[in-house]
Number of protein chains: 2
Amino acid sequence: MTKRTAQSSSIKDVAALAGVSIATVSRVVNGVANKASAETVERVRKAIATLEYRTTSAGRDLRQRTSRLVAVLAANLANPAMAAIAASAETALRGRGLVMVLCDTHDQPELQDEYLREMLAQQARAIVLLGAVESPTLRRLQNSTTPIVFVNRRNPTGHVGSFIGIDNRRAGEDVAQWAIGRGFHKAALIHAPTTSSATRERVVGILAGFAAAGAPIPDHFVLSPNAGDHLNLGLQAAQQLIDMGQAPDLVIGTSDLIAFGAARAWREAGFLALPRMIGFDDSPMNEWLASELSSVRIPYDAFGAAIVEAISTADATSQIVLHHRIVERPWQQRI
Amino acid sequence: MTKRTAQSSSIKDVAALAGVSIATVSRVVNGVANKASAETVERVRKAIATLEYRTTSAGRDLRQRTSRLVAVLAANLANPAMAAIAASAETALRGRGLVMVLCDTHDQPELQDEYLREMLAQQARAIVLLGAVESPTLRRLQNSTTPIVFVNRRNPTGHVGSFIGIDNRRAGEDVAQWAIGRGFHKAALIHAPTTSSATRERVVGILAGFAAAGAPIPDHFVLSPNAGDHLNLGLQAAQQLIDMGQAPDLVIGTSDLIAFGAARAWREAGFLALPRMIGFDDSPMNEWLASELSSVRIPYDAFGAAIVEAISTADATSQIVLHHRIVERPWQQRI
DNA sequence: AAAACGAAGGAAAACGTTTTCCCAAATCGG
DNA sequence: CCGATTTGGGAAAACGTTTTCCTTCGTTTT
C-alpha cells in the first residue's frame, strides 16, 4: 500500500507521517521562523528521524536554480601543495553545506574550458580556480553571475578578480634577503614561465631583493626553460647549469617541484654534494621527504576558510592576502 | 520581450528557436533514434549551438532520479598515491560524462558516514571507497541499489563487495623473494594496523614469503605501532628499533609513507648510513623525491578505467586485479 | 467592541528535464 | 489497393523541492 521500496523517502512521506503539509516540512527543515508551532516542529523532526529523510538536492537545486556544488579546478593535482589546498577547501566548504567537485586542468586551456562549461551546466554555486590559465570561456565568464575565485594565480585575462594567495613579490624579496643574510653569493634562480602571476611576482621580488642589496643575480644564472612540468623544468635547467660548469652555492626555484627536479640533476650527474636549495610552497610532505629543502611556506590550511569567505561575499574583487614564512631546514653536510 | 537575462537558456528556448517541441529537443540531445528527421535534427543542433545550450543537470537528475555525480571517498588525500588514483578516476569518469566529487575521510568512520549520507542525498550514481573503513552507514548500505566500489581495501564490513586493487598477498611474497634474492638477512617489517585488508594481506604475504624460504623475520623485527598516520607510525617504529640497538639491513614498510617516516628516524638519530628500504604504492613523486626507495608500484593510471568498469557493470561482486611490479631504485652508498 | 496584526499552516505554482502516451502521415506487404 | 507497421513529433505527466499567496485563528491595539 505505502510505497515501501528501497528508495529513500521524500518530503511527502514525512508530511504524511507528521500529519502536516509538505510546505510545513520544508519550512521546518530550513528553519523558517514563525511558521510552525513548537509541537509541530517536534512532530516533523520525529518523522524526519524515523524515515531518515534527507532533502533531495535535485529538487532543491531545480527550484532554487543553483546547486550546492562548488567547482575547484586545480592546475596540477600531482603537486602536493595544491592537493593540500584542495583538501583544506573541501573541509571548509563542507562546513557550509557545500560540496566540492575537484578537477585537474593539467594547466591546459581547453580542459579548463571544458570544465568551466560543465560546471556552469551543473549550476555550480561558485568556481574556484586553483592556478588559472588564460582561456576563451574564462574570458567570457567575466560578466557571469557565478562567483569566481582565483587562488594562487591572479585572473590571467587581465580583468581583476577575487584573489586569494600570499604576497608573492614580498615573498621573493624575503628569499633574497634570506640568501644574502646567510652569506650566499653565487645564487642561481630557476623559474617557470612567467605566464602565471605567481611566478612573475616571485621572480620580480627575488631579483629586486638581490638588486637592492647590490648583489644582483647574473643573467646566466637565471634560467627559465619552457619544457614540461616543473619537475622536468628544474631538471633541465640544472643540467644546463652543470653543463656550463657552474657551481652555484644556492639554487632558488620558484616552486618546490622545480627544486626537486634540480636536485635530481645533480644527483644523476654523480655529485656527492648538492648546492643548497630553497623553493616555494612547502608541501606538508617536505618535512618528511625533502628534509633539506628550505621553502617559503604558504598556509595551506588557511585557504579553505579564505575560499569560503571569498565566495560568500558579493564583492567580486576581494583580495585576501595570506601570510607566508620561510621554513629553513638544516643543511646536512655529507662527509 | 524574449527572456534575455544573463541566465543560460533552457530547453524551451531551444525548442522555440528550432520551432519544435521540447520533447524533440530532448530526444535530439539524447540521441534517441527514429524520433526526428535529419533536417529537424540539424535545426535543433543549430539552435543549441546558437544558444550555447547545455542540459541543466538538476532537471535531468530530478526526472531520472539519479545524478551524474560519482562520490570518491578517499581515506587520506595527503598520500600522493591516493591523489594519483583520484586524478586517474576523475579523468576516466569525465570520459563517461560523470562528475567526480572528492572527499577526504581521514580514515574516520564518522566522517565516512557523514559523506555517505550526503552522497546518497545527492543521488550519487555510484560511490567509490578509496580505502574504506568500517562504519555503521556503510554496513547499512549493503542492500542499497547504489553501486559501491572498494578500491585498495576490501569491504571492511565482511560482506563481499566490488573490489579493485593489486594482489596484495602476492605482492608481499614478491617483496620477500626480492629481499632474499638480494641477500638481505636482517630485514625489519613495519606495518600499519591490520584493520585494512591491504595491510593484512601484505603482511601475510611478506611473512609467508620469508617463511617459505626458511628465513622468517624474527618477532622483534616486526613492529606495528598504532599511533597516528603512516608517517608517524614509521617514525615511531624505527625509533623503537634504534633504541633497541637493532641495525636491520632492510626495512620493509607496508606503505611508502611508513618508509618515509622510518627514514626520518634514522636521519634524526644522526646516522649517516640508513638501512635500505622498500615500501608499497610508489607514488609518482618517488622518482623525484625518494630516489633511493624501492617500492611495489601500483598502476595508478589503470585505476580510473577499472573504476568506470566496476560501476558500469551490474555485478556487485566483481573483482578487478591490477598488476603490481617492484620498482628497484639504486642504493647510493654515501662515503 | 472594532480594527489591526501576528502566528500557524495549507494549496498550488514553478523550476527543467525525460518519457509515456498519443496521433498523423508515410511506407510496406500482400 | 487495403491493412499493418514504421517514422516523426507533440501534449502532458512526473520527478522533489521552495516559496508565494491565501486563510484562519487568537491576540493586541485603539
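Just so you know, the residues in each chain are numbered from 1, in the order the chain's sequence is written. As they are written, the chains are lettered A onward and the ligands numbered 1 onward, keeping that order. Totals for whole chains, interfaces and linings use all residues, but because this is a predicted model, local features are given only for residues with pLDDT of at least 70 and pairs of side-chain atoms are given and counted only at 80 or more. For side-chain calculations, the full set of non-hydrogen atoms in the structure is used, while hydrogens and water are omitted.

## Remarks on the overall build of chain A
Going by this rule: Secondary structure elements follow DSSP: runs of H or I of four or more residues count as helices, runs of E of two or more count as strands, with numbering from the N terminus. When we talk radius of gyration, it's over C-alpha atoms, and the globule rule is simply 2.2 Å times the number of residues to the 0.38. Only protein chains enter the accessibility calculation, which uses a 1.4 Å probe; a residue whose area is less than 20% of its type maximum is buried, one above 50% is exposed, and one in between is partly exposed.
Across its full length, chain A holds 13 helices and twelve strands. Computed over its C-alpha atoms, the radius of gyration of chain A comes to 26 Å, more than 25% above the 20 Å expected for a compact globule of 335 residues. Taken over the C-alpha atoms alone, chain A extends approximately 85 × 45 × 35 Å along its principal axes. Within chain A, the proportion of its 335 residues that are buried is 52%.

## Overview of the protein's contact with DNA strand D
This is how it is decided: Residues are labelled near a given molecule or strand when at least one of their non-hydrogen atoms is within 4 Å of it. Whenever two N or O atoms come within 3.5 Å, that pair is a polar contact, provided that in protein one can donate a hydrogen and the other can accept it, and provided that, for residues adjacent in sequence, both atoms are side-chain atoms.
Residues in contact with DNA strand D amount to 29 residues; listed here are only the nearest, A:S26, A:R63, B:K35, B:S37 and B:R65. Backbone sugar and phosphate groups make up 62% of those atoms of DNA strand D lying within 4 Å of the protein. At 3.1 Å from a phosphate oxygen of DNA strand D is found a side-chain nitrogen or oxygen belonging to B:N34. For DNA strand D, a phosphate oxygen lies 2.6 Å from a polar atom in the backbone of B:S37. The set of elements that each furnish at least two residues to the surface near DNA strand D consists of α2 (22-29) and α4 (57-64) of chain A together with α2 (22-29) and α4 (57-64) of chain B. A total of five residues in the surface near DNA strand D trace back to one element, the largest contributor, which is α4(A).

## Re the relation of the copies chain B and chain A
Spelled out, the test is: The fit set for superposing copies consists of C-alpha atoms from residues with pLDDT of at least 70 in both; the fit itself is least squares.
Of the transformation placing chain B onto chain A, the axial shift is 0.0 Å and the rotation is 180 degrees, giving an RMSD of 0.1 Å. One copy is carried onto the other by what is essentially a two-fold rotation axis.

## Points about the protein's contact with DNA strand C
For the record, the criterion: Ten residues, namely Ala, Val, Leu, Ile, Met, Phe, Trp, Tyr, Cys and Pro, are considered nonpolar, four, namely Asp, Glu, Lys and Arg, are considered charged, and the remaining ones, Gly among them, are considered polar.
Within the structure, DNA strand C sits among 29 residues, and A:K35, A:S37, A:T40, B:S26 and B:R63 are positioned closest to it. Sugar plus phosphate, as a fraction of atoms of DNA strand C within 4 Å of the protein: 62%. Between DNA strand C and A:T24 there is a distance of 2.8 Å, counted from a phosphate oxygen to a side-chain nitrogen or oxygen. Here A:N34 contributes a side-chain N or O atom positioned 3.3 Å from a phosphate oxygen of DNA strand C. The set of elements that each furnish at least two residues to the surface near DNA strand C consists of α2 and α4 of chain A together with α2 and α4 of chain B. Element by element, the count of residues in the surface near DNA strand C is highest for α4(B), at five residues. Per-class residue counts for the surface near DNA strand C are nine nonpolar, twelve polar and eight charged.

## Observations regarding the domain arrangement of chain A
Selection criterion: Domains are outlined according to an automatic or database domain assignment.
On domain assignment, one finds that chain A holds domain 1 (11-55), domain 2 (67-167 + 301-322) and domain 3 (168-299). Using C-alpha coordinates to define each centre, domain 1 of chain A is positioned 36 Å away from domain 2 of chain A.

## A closer look at the side chain of A:D61
Filter applied, for reference: Whether two residues touch is decided by their heavy atoms; if any such pair falls within 4.5 Å, the residues are in contact.
Mapped onto the secondary structure, A:D61 falls in helix α4. Residue A:D61 is classed as buried on the basis of its relative accessible area of 10%. Apart from residues no more than four positions distant in its own chain, A:D61 is found in contact with A:T66, A:S67, A:R68 and B:A58.

## Notes on the interface of chain B and chain A
Reports of interface size often rely on the accessible area that becomes lost once the parts have come together. How we decide: A simple way to read buried area is as the amount of 1.4 Å-probe accessible surface that goes missing from two parts once joined, with both sides added. A pair is scored as a salt bridge if a Lys or Arg side-chain nitrogen falls within 4 Å of a carboxyl oxygen belonging to Asp or Glu.
Chain B puts 48 residues into the contact, and the matching count from chain A is 47 residues. Of the roughly 4,900 Å² buried at the junction of chain B and chain A (both faces included), carbon and sulfur atoms supply 58%. Per-residue buried area on chain B facing chain A is highest for B:R54, B:W288 and B:L289; these three make up 16% of the total on that side. The interface formed by chain B and chain A includes seven salt bridges. Among the ionic pairs, A:R54 bridges to B:E118, the shortest N-O distance being 3.1 Å. The interface formed by chain B and chain A holds 16 residue pairs in polar contact (both at pLDDT 80 or more) in total.

## Describing unusual backbone geometry
Residues and elements named next belong to chain B. Within the chain, Q123 stands out as a residue other than glycine whose phi angle is a positive 60 degrees. Structurally, the position occupied by Q123 is in the loop between α6 (109-121) and β3 (126-130). Positive phi, normally seen in glycine, also occurs at N152, with a value near 75 degrees. Assignment of secondary structure puts N152 in the loop between β4 (148-151) and β5 (162-166). Overall, N152 belongs to the buried group, its relative accessible area being 14%.

## Points about the sheet that holds strand β9 (residues 276-281) of chain A
Residues and elements named next belong to chain A. This is how the line gets drawn: Two strands are counted as paired when DSSP detects at least two bridges linking them. In this description, a line fitted to the C-alpha atoms serves as the axis of each element, helices being fitted only across the stretch in contact, and the angle between N-to-C directions of two axes falls anywhere from 0 to 180 degrees.
The strand order across the open sheet formed by six strands is β7-β6-β8-β9-β10-β12, and the pairing between neighbours is mixed. The sheet terminates laterally at β7 (222-223) and β12 (325-327), the two strands that pair on one side only. Here β9 pairs with strand β10 (residues 294-297) via four bridges, running parallel. Each bridged residue has a counterpart across the sheet, and for I278 the counterpart in β10 is S294. Those strands touched by helix α9 (residues 197-212) are β6 (187-190), β7, β8 (250-253) and β9, and its axis lies near 165 degrees from that of β6.

## Focus: the nonpolar core
Going by this rule: Grouping buried Ala, Val, Leu, Ile, Met, Phe, Trp, Tyr and Cys residues that are joined through side-chain atoms within 4.5 Å yields what is termed a nonpolar core.
Within the largest apolar cluster, 150 residues are counted, with the highest numbers of intra-cluster contacts made by A:I164, A:I252, B:I164 and B:I252. Once residues lying within four places of it in the same chain are set aside, the contact partners of A:I252 are A:V175, A:A187, A:A188, A:L189, A:I190, A:I206, A:F210 and A:I278. Ranked by size, the runner-up nonpolar core spans 36 residues in total, among them A:L129, B:L69, B:A132 and B:L141.

## Side note on the sheet that holds strand β6 (residues 187-190) of chain B
Strand order in this open sheet of six strands is β7-β6-β8-β9-β10-β12 (chain B), and the pairing throughout is mixed. With partners counted over all chains shown, the strands left at the sheet margins are β7 (222-223) and β12 (325-327) of chain B, one partner each.

## Here we look at the side chain of B:H191
Checked against the element boundaries, B:H191 lands in the loop between β6 and α9 (197-212). The residues contacting B:H191, other than those within four sequence positions of it, are B:T199, B:V203, B:V222, B:L223, B:S224, B:P225, B:L233, B:T254 and B:I258.

## What to know about the environment of B:N155
Residues and elements named next belong to chain B. Structurally, the position occupied by N155 is in the loop between β4 and β5. A C-alpha to C-alpha distance of 16 Å links N155 and A71, two positions 84 residues apart in sequence. Beyond its immediate stretch of four places on either side in the chain, N155 contacts Q142, F150, V160 and G161. A distance of 3.3 Å separates a polar atom in the side chain of N155 from the backbone oxygen of H159.

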